[in-house]
Amino acid sequence: MSVIYRKVKSEDNPFLAKVIRNTIEEFGAPRTGTVYSDESTDHLFELFEVPKSILWVAEVEGKPVGCCGIFPTEGLEKGYCELVKFYISSAVRGKGIGKELMLRSINAANEMGYKNVYLESLPHFSKAIAMYEESGFKTLDTQLGNSGHSSCNVWMVKKIG
């Protein structure tokens, strides 16, 4: 399987929105208070035109199969960004694509001058949480910033740079 890693394009929007929502449905995660109900989920290309943000896309056979990026989420302290929109199609999970997307995002955060990468998740995504822990993320007791994702109750941070 040949995988291309690239920055998000406008034509990716419907494919990525579907990957994100399908994943949330597959794992039985909440639809409200998560990215599932965010209007921006349908407009990821436009969302990631914000300075000091990037969304990486994994493409297989010409179709986006996953994404992960960093974003300067409102309310985060200086030097912090958030690891966001990390979703992989069930058809390609377990092949290292997610880890590569995450590493590219963390490297981009470092290149952009961030010192800490924060993330929010849910217990439903236990395999992803285990991968975050293996990658050096530490669990926090409280939410940082203002993502608007009130249902997320797993918060983690990794020092970089």
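Note: the structure precedes this text.
What you see is a predicted model; the values in this text were computed from it and never measured.

Participant: A description of the pairing of strand S3 (residues 63-71) should follow, citing residues and the corresponding values.
Facilitator: Where burial is concerned, most of S3 is hidden: 8 out of the 9 residues are buried. Relative to S3, strand S2 (residues 54-60) is paired through 7 bridges, and the arrangement is antiparallel. Along S3, the bridge assignment pairs Trp56 with Cys68. Linking S2 back to S3 in an antiparallel pair, the connection comprises 2 residues, with Glu61 at a positive phi of about 50 degrees. The pairing of S3 with strand S4 (residues 80-88) spans 5 bridges and is antiparallel. Residue pairing across strands places Phe71 opposite Glu82, the latter belonging to S4.

Participant: How would you sum up helix H3 (residues 97-111)? Please name residues and give values.
Facilitator: In this model H3 runs 21 Å from its N-terminal to its C-terminal C-alpha over 15 residues, within 8% of the 21 Å that 1.5 Å per residue would give. Those residues of H3 that fall on the buried side of the exposure criterion are Ile97, Gly98, Leu101, Met102, Ser105, Ile106, Ala108 and Ala109. One or two positions beyond H3, positive phi appears at Gly113, with a value near 95 degrees.

Participant: How would you summarise the packing of aromatic side chains if you had to cite specific residues and measurements?
Facilitator: Summed over all chains, the structure comprises 5 aromatic pairs. When the ring centre of Tyr114 is taken as reference, the NZ or CZ atom of Lys52 above it lies at 4.6 Å. We note Arg104 situated over the ring of Trp56; from NZ or CZ to the ring centre the distance is 5.5 Å.

Cut-off values and rules
- Residues numbered from 1 in each chain as written.
- Predicted model: local features only at pLDDT ≥ 70, side-chain atom pairs only at ≥ 80, totals over all residues.
- Heavy atoms only, no water.
- Buried < 20%, exposed > 50% of the residue type's maximum accessible area, 1.4 Å probe, protein only.
- Helix = DSSP H or I, 4+ residues; strand = E, 2+ residues; numbered from the N terminus.
- Pairing = 2+ DSSP bridges.
- Expected span 1.5 Å × (residues − 1).
- Phe/Tyr/Trp six-rings, centres within 6.5 Å; stacked < 30°, edge-to-face > 60°.
- Lys NZ or Arg CZ within 6 Å of the ring centre and 35° of its normal.

Treat this as a map of the structure, not an account of what it does.
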